[in-house]
Amino acid sequence: MSKLKFQNLTGMHDVLPEDQIYFKRVQKVIEGVASYYSFEKIETPILESAEVFSKSVGEETDIVGKEMYTFRTKGGDLVCLRPEGTAPVMRSYIEHGMHNLPQPVKLWYTGPFFRYERPQAGRYRQFHQFGFEAIGEKNPSIDGQIIQMSYDVLKELGFKSIKIEVNSIGDSECRPYFKKILTSYLKSRKSSLCSDCQRRLKENPLRVLDCKEEKCQQVKASAPQIIDHLCESCHAHFKQVLEFLDELELPYTLNPYLVRGLDYYTKTVFEIVETSETGQSQGSLVGGGRYDSLAKLLGGRDTPACGSAGGIERIIGIMKEREMKTGQKQEEVQIFLAQLGQLAKRKSLKLFEEFRSAKIPVAESFSKDSLKSQLRTANKMGIKWVLIFGQKEALEDFITLRDMDTGIQKEIKLDKVVQEMKEKLQEAKDKKKK
């Protein structure tokens with residue numbers, strides 16, 4: 001058969017009608033999780049200034065050095081097709097003065113991205129990603145929430161054999177010292193590294209830990225671990241992140257060599273991977289972390305932030321193989337979960353997940369500590385019931401329920417809260433029908 005005159009360019013692909021149902025399913029689940037956690041959608045242009053990525057992702061990264069589609073416009077501007085979503089979202093945050101909005105600003109997106117790389121199964125030069133970004137909050141509860149949301153998407157789609165790999169890569173206080181230790185170790189084994197990693201050794205030794213080449217894996221296995229060299233602030237932050245993950249009962253493992261190969265990452269980094277029957281990793285489905293230095297790299301003020309992104313084609317490829325099905329209906333929110341103190345925050349995240357599993361919509365403001373401001377938020381939303389969870393309640397395993405119409409309060413045992421609220425919602429629904 002003779003070759004057709006016009007075909008897809010190498011690495012590009014058509015999303016045919018029979019595949020659209022999978023894209024719609026993934027989109028619906030992403031949107032459902034984002035909506036539940038009060039994330040709002042943002043769309044950034046496909047075309048950006050190339051400097052947005054060279055300054056943030058890093059000029060020496062493979063993305064900028066090898067994979068970006070970069071060209072000059074007729075006016076002489078150096079632009080590129082966006083290779084990832086976090087830097088454009090932060091550019092938009094700075095450009096539109098979103099620091100003046102209540103923080104954190106919670107955003108999500110889906111769309112096409114572009115990287116010039118060797119096409120292989122599940123990887124394309126034009127591909128689709130989704131992402132969650134929480135900007136303007138340094139509390140470790142945000143890290144826990146982003147990880148939980150990323151995990152929720154995959155569980156909602158029917159993935160069963162998944163686990164979270166997590167690490168901390170420190171910040172500008174402790175990372176330079178670790179780089180010296182790592183560089184010294186890698187230099188003594190330079191001849192055992194691949195040619196790319198020999199180059200990375202000069203430019204950014206941390207990226208050697210991200211290499212997938214077999215010979216570099218052997219060198220990496222005995223390398224020093226950054227988690228042993230964190231400063232006090234990074235250590236305390238990471239400890240609290242792990243406490244949140246423990247409270248949420250998420251299946252995570254520490255991966256001391258996980259670094260995520262982008263310059264803007266700080267502190268927490270994670271990947272959610274599919275595992276085989278023997279527990280071996282089969283590849284990353286979602287990844288992300290904290291990027292507290294990104295805003296400043298792009299010319300903005302210091303702004304803490306955390307986010308994640310997942311490859312939709314890779315997820316859909318596995319869904320098609322296993323014929324997974326999903327579906328979720330969003331309902332009006334009538335319950336607000338207010339919390340006070342670190343212990344209550346941790347337990348609130350778990351309680352929030354119990355409500356989500358029961359498909360009961362609940363609003364929250366985990367990053368806020370003031371009860372007054374949380375009640376004000378609930379009042380503005382027209383919330384019927386507020387669940388107040390403070391230090392005393394967390395220690396004694398009960399919660400205080402306030403009826404916002406009457407002001408009447410009562411105490412409920414923690415393990416009875418979900419069921420009692422389910423009954424109240426049903427009573428309200430039945431009353432409305434009459």
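Fair warning: this is a prediction, and the values are worked out from it, not measured in the lab.

Q: Sorry if this is basic, but what is going on with the state of the cysteines here?
A: Throughout this description, disulfide means a covalent bond between two cysteine sulfur atoms. Taken as a whole and assessed by the stated rule, the structure comprises 0 disulfides. For Cys211, which is in no disulfide, the shortest distance to another cysteine sulfur is to Cys197 and amounts to 3.6 Å. Free cysteine: Cys216, not disulfide-bonded; nearest cysteine sulfur from Cys194 at 3.6 Å. Given the relative accessible area of 1%, Cys216 is considered buried.

Q: Hey, could you run me through the sheet that holds strand 2 (residues 47–49) in this one?
A: Across a sheet, paired strands are connected by hydrogen bonds in the backbone, their directions being either parallel or antiparallel. Taking strand neighbours across the sheet as the criterion, the 3 strands line up as 2-4-3 in an open arrangement whose pairing is antiparallel. The sheet is open, and its two edges are formed by strand 2 and strand 3 (70–72), each paired on a single side. Each strand of the sheet is rotated relative to its neighbour by a mean of 40 degrees, with strand direction disregarded. The sheet contact formed by strand 3 and strand 4 (residues 78–81) spans 3 bridges and is antiparallel. Across the sheet, residue Phe71 finds its bridge partner in strand 4, namely Val79. Each of strand 2 and strand 4 is contacted by helix 2 (residues 51–58), which is oriented at about 70 degrees to strand 2, the strand it contacts most.

Q: Can you walk me through the sheet that holds strand 12 (residues 335–339) in this structure?
A: Strands sit in the order 13-12-14-15-16 across an open sheet of 5 strands; the sheet is mixed. Whereas interior strands pair on both sides, the edge strands pair on one side only; in this sheet they are strand 13 (362–364) and strand 16 (409–413). Averaged over all pairs of adjacent strands, the angle between their axes in this sheet comes to 30 degrees, without regard to strand direction. As paired strands, strand 12 and strand 13 are joined by 3 bridges and run parallel to one another. By the bridge assignment, Phe336 is partnered in strand 13 with Ala363. Across the sheet, helix 12 (residues 342–357) touches strand 12, strand 13, strand 14 (385–389) and strand 15 (398–403), and the angle it forms with strand 12 is around 160 degrees. Strands in contact with helix 15 (residues 417–433) are strand 12, strand 14, strand 15 and strand 16; relative to strand 14, the strand with the most contacts, it is inclined by about 170 degrees.

Rules of the game
- Counting of residues starts from 1 at the beginning of each chain's written sequence and follows it residue by residue.
- Local features in this predicted model are restricted to residues of pLDDT 70 or higher, and side-chain atom pairs are both shown and tallied only at a pLDDT of 80 or more, whereas totals for entire chains, interfaces and linings draw on every residue.
- Values shown for side chains rest on all heavy atoms present in the structure; no hydrogens or waters enter the calculation.
- The disulfide criterion used throughout: a pair of cysteine sulfur atoms within 2.5 Å.
- Relative accessible area decides the class of each residue, using a 1.4 Å probe on protein chains only: under 20% of the type maximum gives buried, over 50% gives exposed, and in between gives partly exposed.
- In this scheme, strands are said to pair when DSSP sees at least two bridges between them.
- By definition, any uninterrupted DSSP run of H or I lasting at least four residues is a helix, any uninterrupted run of E lasting at least two residues is a strand, and each is numbered from the N terminus.
- In this description, a line fitted to the C-alpha atoms serves as the axis of each element, helices being fitted only across the stretch in contact, and the angle between N-to-C directions of two axes falls anywhere from 0 to 180 degrees.
- By the convention used here, residues are in contact when the closest approach between their heavy atoms is within 4.5 Å.

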